[in-house]
Amino acid sequence: MAEEEKQFEEFEQIDFLKDRHVRFFHRTLQVLPERYASLETTRLSILFFALSGLDVLDALDVVDSNIMIEWIYSLQVLPTEDKSNLSCCGFRGSSHIGVPYSTKGPGVVHPYDSGHIAMTYTGLCSLLILGDDLSRVNKQGCLAGVRALQLEDGSFYAVPEGSENDIRFIYCAACICYMLDDWSGMDIQKAIEYIRGSLSYDNAFGQGAGRESHGGWTFCAIASLCLMGRLEEALSQRELDRIRRWCIMRQQSGFHGRPNKPVDTCYSFWVGATLELLDVFRYTNFEKNRNFILSTQDRLVGGFAKWPDSHPDPLHAYLGLCGLSLIGEPSLRKVHPALNITQRAFQHLQQLQQTWRESTNSCGGQH
Amino acid sequence: IVCGVLNIDMAVCFCFRDRKEWADLEPVPQDDGPNPVVKIAYSEKFSDVYDYFRALLKKDERSERAFALTAEAIELNAANYTVWHYRRVLLQALSKDLREEMRYITNIIEEQPKNYQVWHHRRMVVEWLGDPSEELEFIAQILSQDAKNYHAWQHRQWVIQEYKLWDKELAFVESLLEDDVRNNSAWNQRHFVISHTTGFSEPAVVERETQYCLNQIRKAPHNESVWNYLKGMLQDRGLSSQPGLLEKVLELKETHCSPYLLAFLFDCYEDALENGVPKDSLDQGCQETLEKALEICKLLAQEKDTIRKEYWQFLGRSLQDRYGGEVSPGDATPTAPASEPQQIS
């Protein structure tokens, strides 16, 4: 092969294939084959990955926002006539429970219908990304639903029927309260205690007390504290410096999630965003990080996988893009490192919240 | 009542909708409205099972046929938490044999050890039985396939703490560390066991653990986990005040060096500066310690841990700012302005 052609091929190897990723997310929005069955109850979060991914790519114009918005609202668990199900309110991950399609209240009486905290979180994000004004969100219901999920130790269940409880759902709760601008959805003090209790001997966070520290749970801890506005109240400067050290040691080329584990694209966001929130992301090696993320790019179908030569999936496709956005990849929008939506979507949220506050002030009472 | 073998090659579907015993029930399809999004294309067989699941759910039926159907629904999608919850409701309503349920969940976890729902289900059954006697062996079995499975370790910690099964755990941890001294989960478990049994306050324990760490470092120097464990154990007692430790680490630096050893040394020096007796930054001892710390930063940035070059330089600058005083020490890294923002491609 001629020298020029060889060099061009090398350049192509690390080329960021923007159009492929747009098409990857576009396909995700349509129909997935049966082998994706395990994602049924979390379909709303898959929608979030695709929408936010397209937002980061500045390619939301391929999406029919109205259709998406209606579908999201059809997943809202609304209060019944007698409001006896308030502790079940929020958003479902999908229609799997079998409640008939409806975007309006009152809620349907059903013995097993309830929201899922991560779906309420990703549902609200998705609405924001699509430019919706959240006026059809039953805020009272969502906040009651979140409140009902918090345990004595400060952690949260995912669903009112019970589930595992850990720091992931504290993060979801914090995002929900932050977006709705209403912290009555959680006991912040208890949540902080649980987070502190999850700080491990090696200066990062596990899923709960005593558990192995991990990049994903460390993101949940730090991002939650940032959203609550309590980072420096909850953690001393010394602790923060030690956490910075643990996080920055996760870089191997890309990042891994735990010492002596292989690198994985998604940690370029989980750990990268944590480092950004702690103001030391600029001290990481951008080039090696970028090269690793791009090595997991699927050049044929688009998207990113956790490892090179593996199958791409919506989560890694989205977080791979976010990882690239953090290091300033030119064609990508900036991401809010705590809320995990674009700065554009975040600005829309800020405008909405401003409107809500003004409306409350002018009414002189309840919104 | 089992709906045939789950075999995608079968042409005929022994569907619930074709069975007389289910004729009383109206199947409930999924309803995504006029414009479904992120739709999963289910086969006829899959839809059939779940349409009947939804029908049972709607009337909250408590029956053997419902219980049997949950197994089919789980086989098709073990991540559906609603199915698992409904199954638990039925387990209790029908007073099902929980030992048999333990056998059932054991098999499922072995097939799908990274699924949250299956581990939660197992925990519920163990709690109802009040019998953890199979757990440690079962989890060990799962860990033998993947020694770092986070779910398995979490379940193990819950069992041990809930039922006070601390007795043999340190020995278990040591056997895992013999298999792989770089197993970070095992190191974490070591800390978990000791902090809940003897604790780390006793000097004898600290001494024993320090020796253990130094031995593991000699065997496999390039191992972040052991250094994190050592530092974690000592960091709040003052790294620089552990008698003889600094000397041992300086010895190891010559023959068993690693970025983790050097970072540990840096932390020792920083601790000495922070908590050392001579507080005056112009003090000779302080200046020497600062110089040594800055040399370590330079070594890491330029040679031993170059991927974190910017970070080590940043740490050096910060230390210099805090303890440098008026006089700039010897040939240590001069105070540099904050580095230029990195450009990519």
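Residues numbered from 1 in each chain as written. Chains lettered and ligands numbered in written order. Predicted model: local features only at pLDDT ≥ 70, side-chain atom pairs only at ≥ 80, totals over all residues. Heavy atoms only, no water.

Colleague: Could you clarify how one ought to interpret the overall build of chain B in this entry?
Modeller: On a plain count of helices and strands, chain B comes out with 15 helices and one strand. Looking at chain B as a whole, 52% of its 345 residues are labelled buried. Summarising the internal contacts of chain B: among those between residues at least 6 apart in sequence, 63% fall at separations of at least 24. Working note: accessible area of chain B is about 16,500 Å², and carbon and sulfur atoms make up 51% of it. (Helix = DSSP H or I, 4+ residues; strand = E, 2+ residues; numbered from the N terminus. Buried < 20%, exposed > 50% of the residue type's maximum accessible area, 1.4 Å probe, protein only. Contact = heavy atoms within 4.5 Å. Areas by Shrake-Rupley, 256 points an atom, 1.4 Å probe, with all protein chains shown as cover.)

Colleague: Is there a simple way to think about the interface of chain A and chain B in this case?
Modeller: For an interface, size is often stated in terms of accessible area lost upon the parts coming together. Taken together, the contact between chain A and chain B spans 75 residues of the former and 70 residues of the latter. Taken together, both faces of the contact between chain A and chain B bury some 6,600 Å²; the carbon and sulfur share is 51%. The tally of links between chain A and chain B comes to five salt bridges. In this structure, A:Arg238 and B:Glu274 form a salt bridge, with 2.9 Å as the shortest nitrogen-oxygen distance. Applying the counting rule to chain A against chain B returns 43 residue pairs in polar contact (both at pLDDT 80 or more). Mapped onto the side of chain A that touches chain B, the elements with two or more residues apiece are α2 (18–29), β1 (31–33), α3 (43–56), α4 (65–74), α11 (237–248) and α13 (286–295) of chain A. (Buried area = accessible area lost by both parts, 1.4 Å probe. Salt bridge = Lys/Arg side-chain N within 4 Å of Asp/Glu carboxyl O. Polar contact = N/O pair within 3.5 Å; in protein donor to acceptor, adjacent residues only side chain to side chain.)

Colleague: Before we go on, may I ask you to explain helix α4 (residues 98–111) of chain B in this structure?
Modeller: Every α-helical turn comprises 3.6 residues, leaving residues that sit three or four positions apart pointing alike. Residue and element names in this part refer to chain B. For α4, which comprises 14 residues, the first-to-last C-alpha distance of 20 Å matches the rise-based estimate of 20 Å (1.5 Å per residue) to within 8%. When α4 is considered as a whole, its buried residues turn out to be Leu98, Glu101, Met102, Tyr104, Ile105, Thr106, Ile108 and Ile109. In this structure, the buried side of α4 is in contact with α2 (64–76), α3 (81–93), α5 (116–129) and α6 (135–145). (Expected span 1.5 Å × (residues − 1).)

Colleague: Can you help me understand empty space enclosed by the protein in this one?
Modeller: Here the idea is plain: a probe the size of a water molecule rolls over the atoms and shows the empty space left. One pass over the structure, following the stated rule, counts six cavities of 30 Å³ or more. If you add up the space inside the largest cavity, you get close to 170 Å³. Lining the largest cavity are 16 residues, and of these A:Arg245, B:Glu224, B:Asn228, B:Lys231 and B:Ala263 lie nearest its centre. If you list the elements that add at least two residues to the lining of the largest cavity, you get α11 of chain A together with α11 (224–234) and α13 (259–275) of chain B. Per-element accounting of the lining of the largest cavity gives the leading share, five residues, to α11(B). Class assignment for the residues of the lining of the largest cavity results in six nonpolar, three polar and seven charged. Its boundaries defined by the atoms lining it, the second largest cavity holds a volume of some 110 Å³. (1 Å grid on protein atoms, 1.4 Å probe; cavity = no way out; pocket = protein on both sides within 12 Å on 5 of 7 lines; lining within 4 Å. Points joined across faces, edges and corners; volume = space filled by probe spheres on them. Nonpolar A, V, L, I, M, F, W, Y, C, P; charged D, E, K, R; others polar.)

Colleague: Hey, could you run me through the packing of aromatic side chains in this one?
Modeller: Ring pairs (aromatic) are described by centroid distance and by the angle formed between their planes. Residue and element names in this part refer to chain B. A full pass over the atoms with the stated rule returns 34 aromatic pairs over all chains. With centroids separated by 5.9 Å and ring planes inclined at 70°, the aromatic side chains of phenylalanine 53 and tyrosine 86 adopt a geometry described as edge-to-face. Linking phenylalanine 53 in helix α1 (residues 44–59) with tyrosine 86 in helix α3, this pair joins segments that are 33 residues apart in sequence. You can call tyrosine 86 buried: its relative accessible area is 0%. (Phe/Tyr/Trp six-rings, centres within 6.5 Å; stacked < 30°, edge-to-face > 60°.)

Colleague: Any chance you could explain the packing of α11(A) against helix α12 (residues 267–277) of chain A here in plain terms?
Modeller: What describes two packed helices is the angle between their axes and the distance between those same axes. Residue and element names in this part refer to chain A. For the pair α11 and α12, interaxial distance at closest approach is 10 Å and the crossing angle is 150°. Crossing of α11 over α12 shows left-handed handedness. In this structure, α11 contributes Arg244, Cys247 and Ile248 to the contact, and α12 contributes Val271, Thr274 and Leu275. Partitioning the contact of α11 with α12 into residue classes produces four nonpolar, one polar and one charged. (Axes fitted to C-alpha atoms, helices over the stretch in contact; angles between N-to-C directions. Left-handed = near helix turned anticlockwise from the far one by under 90°.)

Colleague: Help me understand the layout of surface pockets in this model?
Modeller: Its boundaries defined by the atoms lining it, the second largest pocket holds a volume of some 700 Å³. Every residue lining the second largest pocket is counted, 30 residues in all, and those nearest its centre are A:Glu164, A:Asn165, B:His120, B:Arg123 and B:Trp158. Of all the elements in the fold, those that place two or more residues in the lining of the second largest pocket are α3, α5 and α7 (150–163) of chain B. Residues of the lining of the second largest pocket, tallied by class, amount to 10 nonpolar, 12 polar and eight charged.

Colleague: Honestly, the confidence of the model for chain B in this entry has me stumped. Any pointers?
Modeller: One rule of thumb: low pLDDT means the predicted coordinates there are not for detailed reading. Residue and element names in this part refer to chain B. The share of residues in chain B with pLDDT of 70 or more is 88%, and the mean pLDDT across the chain is 91. Taken together, the stretch residues 329–337 has pLDDT below 50 and engages in 15 contacts with residues farther than four places along the chain or on a different chain. Among the scores for the predicted complex, ipTM is 0.94 and pTM is 0.94. (pLDDT = per-residue confidence, 0-100.)

Colleague: What is the right way to read the nonpolar core from this model?
Modeller: Most often, soluble globular proteins have nonpolar side chains that are buried together. Residue and element names in this part refer to chain A. Judged by nonpolar contacts, the single largest core of 220 residues is most densely connected at Leu47, Ile117 and Met228. No other element matches helix α7 (residues 167–180), which puts 12 residues into this core. When residues no more than four places from it in sequence are discounted, the contact partners of isoleucine 117 are Val146, Leu149, Phe156, Tyr157, Ala158, Phe169, Cys172, Ala173 and Ile176. (Core = buried A, V, L, I, M, F, W, Y, C linked by side-chain atoms within 4.5 Å.)

Colleague: Which parts of the structure should I look at to understand the UniProt feature "domain: Prenyltransferase alpha-alpha toroid" (unreviewed entry) in chain A?
Modeller: UniProt records the feature "domain: Prenyltransferase alpha-alpha toroid" (unreviewed entry) for residues 16–341 of chain A in the present numbering. Measuring from the first to the last C-alpha atom of residues 16–341 of chain A gives 21 Å, for a span that is 45% helix and 2% strand. (UniProt positions renumbered as here; feature names shortened; annotations may be inferred.)

Colleague: Got a minute to help me understand the confidence of the model for chain A in this structure?
Modeller: On average, residues of chain A score 95 in pLDDT, and 95% of them are at 70 or above. With pLDDT under 50 throughout, residues 6–12 of chain A is counted as low confidence; its partners more than four residues away or in other chains account for three contacts.

Colleague: I tried to follow the pattern of salt bridges on my own but got confused; where do I start?
Modeller: A side chain with one charge can pair with a side chain of the opposite charge if their charged atoms come near. By the definition in use, this model includes 45 salt bridges over all chains. One salt bridge connects A:Glu164 with A:Arg168, and the closest N-O pair in it is separated by 3.0 Å. Residue A:Asp166 pairs with A:Arg168 through a salt bridge whose shortest N-O separation is 2.9 Å. Residues joined by salt bridges that share partners form a network here, namely B:Arg17, B:Glu44, B:Asp48, B:Asp51 and B:Arg54.

Colleague: What exactly am I supposed to notice about the packing of helix α9 (residues 184–196) of chain B against α11(B) here?
Modeller: Residue and element names in this part refer to chain B. Following both chains from N to C, one finds α9 and α11 inclined at 20°, their axes separated by 9 Å at the closest point. One finds that α9 runs roughly parallel with respect to α11. Crossing hand, α9 versus α11: right-handed. Between α9 and α11, the contacting residues are Asn184, Trp187, Arg190, His191 and Ile194 on the first element and Ser225, Val226 and Tyr229 on the second. When the residues that make up the contact of α9 with α11 are grouped by side-chain class, the tally is four nonpolar, three polar and one charged. (Parallel < 35°, antiparallel > 145°, perpendicular 65-115°, else oblique.)

Colleague: Explanation requested: helix α14 (residues 314–326) of chain A in the structure shown.
Modeller: Residue and element names in this part refer to chain A. Here α14 spans 18 Å end to end across 13 residues, near enough to the 18 Å set by a 1.5 Å rise per residue. The buried fraction of α14 amounts to 12 of the 13 residues, a majority that puts the element mostly inside the structure. Taken together, the buried positions of α14 are Pro314, His316, Ala317, Tyr318, Leu319, Gly320, Leu321, Cys322, Gly323, Leu324, Ser325 and Leu326. Residues of α14 that are buried make contact with α2, α3, α12 and α13. The opening residue of α14 is aspartate 313, an N-cap whose side-chain oxygen sits 3.0 Å from the backbone nitrogen of leucine 315. Looking at the residues trailing α14, positive phi occurs at glycine 328, about 90°.

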